[in-house]
Amino acid sequence: EFRAKPLSWWLKEGHRLADAGTAEPFRPEPVAGAVYLHRMNCGGDRTVDSLGNVWMADDSRYVKTWTDYDNLKVEKGRLEPALGSQDFVEGGVKNAAPADQALLGCFRYGRKRLVFSFPVPTNAPCTVEMSFVEPGSYGRMFDIAIDGKTVEREFEISRFVPERNAVKRSWTVRTDGSGQLKISF
């Protein structure tokens, strides 16, 4: 089984919001018996979570939309491929332990062009876990695709948890023959 890092994600534009407050406590608990091939701290540096799991830094080895917000450029009316930007949740993630703030407090944002690619075994079942945090009272909907297939349409973090709280989602898919698993949103 393949388990990808809980990707924290930044959203904007208002929609339905979960009740204000704090959601159930969140911990990056591994699934018993699962073999984790990759753990990425989306939008952040290499870190170790409260359970001792090491999470690799978000950098250009796995995502081609990696850049700094100030370096975004507009080209012929369209943003260039190096579109993804990084930031952190001001005030911290309410339902995360202090030791998990470095992991869950970082996030990425972009315009439906964030694509992460990880080496994986070919033609194998895998589970992708992603954790999301809504850093403010925004509530934008977006689709999530794995290997080009939409696994969740119109996902909106604020339907599941109040702002500045983490929620985990997971999907089981079969990898293709490319040896790469692509996660886009």
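Below or above, wherever it landed, is the structure these notes cover.

Cut-offs used in this document
Here the residue index of a chain counts from 1 through its sequence in written order. It should be noted that, the model being predicted, local features are given only for residues of pLDDT at least 70 and side-chain atom pairs only at 80 or more, the latter also being counted only at that level, while totals for whole chains, interfaces and linings use all residues. Water and hydrogen atoms were dropped before computing side-chain values, which therefore reflect all heavy atoms in the structure. Definition of nonpolar core: a set of buried residues of the types Ala, Val, Leu, Ile, Met, Phe, Trp, Tyr and Cys, connected through side-chain atoms within 4.5 Å. Residue exposure (1.4 Å probe, protein chains only): buried if accessible area is under 20% of the type maximum, exposed if over 50%, otherwise partly exposed. Put simply, DSSP H or I for four residues or longer makes a helix, DSSP E for two residues or longer makes a strand, and each gets a number counted from the N terminus. In what follows, a contact means two residues having at least one pair of non-hydrogen atoms within 4.5 Å. Pairing between strands requires that DSSP locate at least two bridges from one strand to the other. All axes here are fitted lines through C-alpha atoms, helices being fitted over the stretch that makes contact, and every angle between N-to-C directions spans 0 to 180 degrees. Stacked, edge-to-face and tilted labels apply to pairs of Phe, Tyr and Trp rings (six-membered ring for Trp) whose centres lie within 6.5 Å, assigned for plane angles under 30 degrees, over 60, and everything in between, in that order. We count a charge as sitting over a ring when the NZ of a lysine or the CZ of an arginine lies within 6 Å of the ring centre and within 35 degrees of the ring normal. In the analysis that follows, any N or O atom pair within 3.5 Å is treated as a polar contact, provided that within protein one partner can donate a hydrogen and the other can accept it, and provided that, for residues neighboring in sequence, both atoms belong to side chains.

Focus: the nonpolar core
Grouped together as the largest cluster of nonpolar side chains are 23 residues, with contacts concentrated most on Met-130, Phe-132, Ile-144, Leu-181 and Phe-185. The element that contributes the greatest number of residues to this core is strand 9 (residues 125-133), accounting for four residues. The contact partners of Ile-144, leaving out residues within four places of it in the chain, are Met-130, Phe-132, Lys-149, Thr-150, Val-151, Glu-152, Phe-155, Trp-171, Ser-184 and Phe-185. Listed in part, the 11 residues of the second largest apolar core include Phe-26, Leu-104, Val-133 and Ala-166.

Re the pairing of strand 9
Within strand 9, eight of the nine residues are buried, which leaves it mostly tucked inside the rest of the structure. Note that strand 9 and strand 12 (residues 166-174) share nine bridges and pair antiparallel. Bridging from a neighbouring strand, Glu-129 pairs with Ser-170 of strand 12.

Here we look at the sheet that holds strand 13 (residues 180-184)
Reading across the sheet, the four strands line up as 8-13-10-11 and stay open at both edges, with antiparallel pairing between neighbours. Because the sheet does not close on itself, it has two edges, and the strands there are strand 8 (115-119) and strand 11 (149-155). Between one strand axis and the next, the sheet turns by 15° as a mean value, whatever way the strands run. With four bridges connecting them, strand 10 (residues 142-146) and strand 11 associate as antiparallel partners. Across the sheet, the residue bridging to Ile-144 is Glu-152, located in strand 11.

Section: the sheet that holds strand 2 (residues 47-48)
Backbone hydrogen bonds hold the strands of a sheet together, and the pairing may be parallel or antiparallel. Read from one edge of the open sheet, three strands run 1-3-2, paired in mixed fashion. Unpaired on one side and paired on the other, strand 1 (40-41) and strand 2 mark the two borders of the sheet. Here two bridges tie strand 1 to strand 3 (residues 54-57), and the two strands are oriented parallel to one another. Note that in strand 3 the partner of Asn-41 across the bridge is Ala-57.

Observations concerning the packing of aromatic side chains
For the structure shown, the criterion picks out six aromatic pairs. Their ring planes at 50° and their centres at 6.0 Å tell us that Phe-132 and Phe-142 sit as a pair that is tilted. Note that Phe-132 is positioned in strand 9 and Phe-142 in strand 10, a separation of 10 residues in sequence. Exposure class is identical for Phe-132 and Phe-142. Each is buried. Relative to Phe-160, the ring of Phe-155 lies with its centre 5.5 Å away and its plane at 25°, an arrangement referred to as stacked. The buried category is assigned to Phe-155, whose relative accessible area is 1%. Between Arg-39 and the ring centre of Tyr-36, over which it is positioned, the NZ or CZ distance is 4.2 Å. Between Arg-39 and the ring centre of Trp-55, over which it is positioned, the NZ or CZ distance is 5.6 Å.

Examining the pairing of strand 3
Pairing of strand 2 with strand 3, which is carried by two bridges, proceeds in the antiparallel orientation. Pairing of Val-48 across the sheet is with Val-54, part of strand 3. The antiparallel hairpin formed by strand 2 and strand 3 contains five residues in its connecting segment, where Gly-52 sits at a positive phi of about 90°.

Focus on the side chain of Asp-100
Inspection of the secondary structure puts Asp-100 in the loop between strand 6 (85-88) and helix 1 (101-104). Within the local environment of Asp-100, its side chain forms a polar contact with the backbone nitrogen of Ser-50, the two atoms lying 2.8 Å apart. Leaving out residues up to four positions away in the same chain, Asp-100 has contacts with Phe-26, Arg-27, Pro-28, Asp-49, Ser-50 and Gly-105.

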